Amino acid sequence: KIAANILAQTAKVPSIPWSGDGLTCQLTEEGTIPEDIFNKAMVTSAEEACARAEKIGFPIMVKASEGGGGKGIRKATNMEELKVAFTNVFTEVPGSPI
């Protein structure tokens, strides 16, 4: 899901504000998003999620890139909810980029 959003932005498809706003790339020889660009779109801590939320605004959807069936996704309408949501998503889908 992170890679799809980066590809959409690269193709100049309008998208809603998210943690990887403005990121574009050229695919690697293997046809993947370069790791450094992919990592810039990820959020790795509740504190980083809060910093991005200040830029984007609320409500925020915290979404694990992996998961499915409703796992690894939470809505937050303020900073306190965001901290809890990030922790829940992080533990619900271990190892998934957020």
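Everything quoted here is computed from the prediction, not taken from an experiment.

Colleague: Is there a simple way to think about the packing of aromatic side chains in this case?
Modeller: To describe a pair of aromatic rings, you give the distance between the ring centres and the angle between the ring planes. Under the definition given, this model contains one aromatic pair. With a centroid separation of 6.0 Å and an interplanar angle of 20 degrees, the aromatic rings of phenylalanine 86 and phenylalanine 90 are classed as stacked. On the criterion of helical spacing, the pair formed by phenylalanine 86 and phenylalanine 90 is a turn pair, its members being four residues apart in helix α4 (residues 79-92). We classify phenylalanine 86 as buried; its relative accessible area is 4%.

Colleague: Help me out: how do you make sense of the pairing of strand β1 (residues 60-68) in this one?
Modeller: Note on strand geometry: in a regular strand, side chains alternate between the two faces of the sheet. As paired elements, β1 and strand β2 (residues 71-76) share five bridges and run antiparallel to each other. Its bridge partner being in β2, glycine 68 is matched across the sheet by lysine 71. Hairpin remark: β1 followed by β2, antiparallel, with two residues in the connecting loop; positive phi at glycine 69, about 65 degrees.

Colleague: Whenever I open this one, the pattern of salt bridges confuses me. Can you help?
Modeller: Two side chains that carry opposite charge are able to pair once their charged atoms sit near each other. Evaluation of the coordinates by the stated rule reveals three salt bridges. Across the pair glutamate 92 and arginine 74 runs a salt bridge whose closest N-O atoms are separated by 2.6 Å. Here glutamate 92 is found in helix α4, whereas its partner arginine 74 is found in strand β2, with 18 residues between them in sequence. Glutamate 80 serves as the salt-bridge partner of lysine 83, at 3.4 Å between the closest nitrogen and oxygen. Linking lysine 83 with glutamate 80, this pair stays in helix α4, spanning three residues, or about one helical turn. A relative accessible area of 35% means that lysine 83 is categorised as partly exposed.

Colleague: Hey, could you run me through unusual backbone geometry in this one?
Modeller: In this structure, the amide linkage connecting phenylalanine 58 to the following residue, proline 59, adopts the cis form with an omega of 0 degrees. Summarising the element assignment, proline 59 is placed in the loop between α3 (46-56) and β1. Within the chain, lysine 12 stands out as a residue other than glycine whose phi angle is a positive 65 degrees. With respect to the helices and strands, the residue lysine 12 is situated in the loop between α1 (2-10) and α2 (35-41).

Colleague: Would you explain the nonpolar core in this entry?
Modeller: Counting residues in hydrophobic clusters, the biggest one holds 15 residues, and the most contacted among them are Ala49, Ile60, Val62, Leu82, Phe86, Val89 and Ile98. Listed by contribution, the elements that provide at least two residues to this core are α3, β1 and α4. Setting aside residues up to four positions removed in sequence, leucine 82 forms contacts with Ala49, Cys50, Ala53, Phe58, Ile60, Val62 and Ala76. Residues Trp18, Leu23, Cys25 and Met42 belong to the second largest nonpolar core, which totals 10 residues.

Thresholds, definitions, all that
Along each chain, residues carry numbers from 1 onward, in the same order as the chain's sequence is written. In view of the model being predicted, local features appear only for residues whose pLDDT reaches at least 70, and side-chain atom pairs are presented and counted only at 80 or more, with totals across whole chains, interfaces and linings using the full set of residues. Only hydrogens and water are removed before side-chain values are computed, so all heavy atoms of the structure are retained for them. Each Phe, Tyr or Trp ring (for Trp, its six-membered ring) is paired with any other whose centre lies within 6.5 Å, and the angle between the two planes then decides the class: stacked below 30 degrees, edge-to-face above 60, tilted in between. Secondary structure elements are taken from DSSP: a helix is a run of H or I of four residues or more, a strand is a run of E of two residues or more, and numbering for both begins at the N terminus. Burial status follows relative accessibility: with a 1.4 Å probe on protein chains alone, a residue under 20% of its type maximum counts as buried, one over 50% as exposed, and anything between as partly exposed. Only when DSSP finds a minimum of two bridges between them are two strands counted as paired. Salt bridge, as used here, is a side-chain nitrogen of Lys or Arg placed within 4 Å of a carboxyl oxygen of Asp or Glu. We call a set of buried residues a nonpolar core when its members are Ala, Val, Leu, Ile, Met, Phe, Trp, Tyr or Cys and they connect through side-chain atoms within 4.5 Å of each other. Throughout, a residue-residue contact means that at least one pair of heavy atoms, one from each residue, lies within 4.5 Å.

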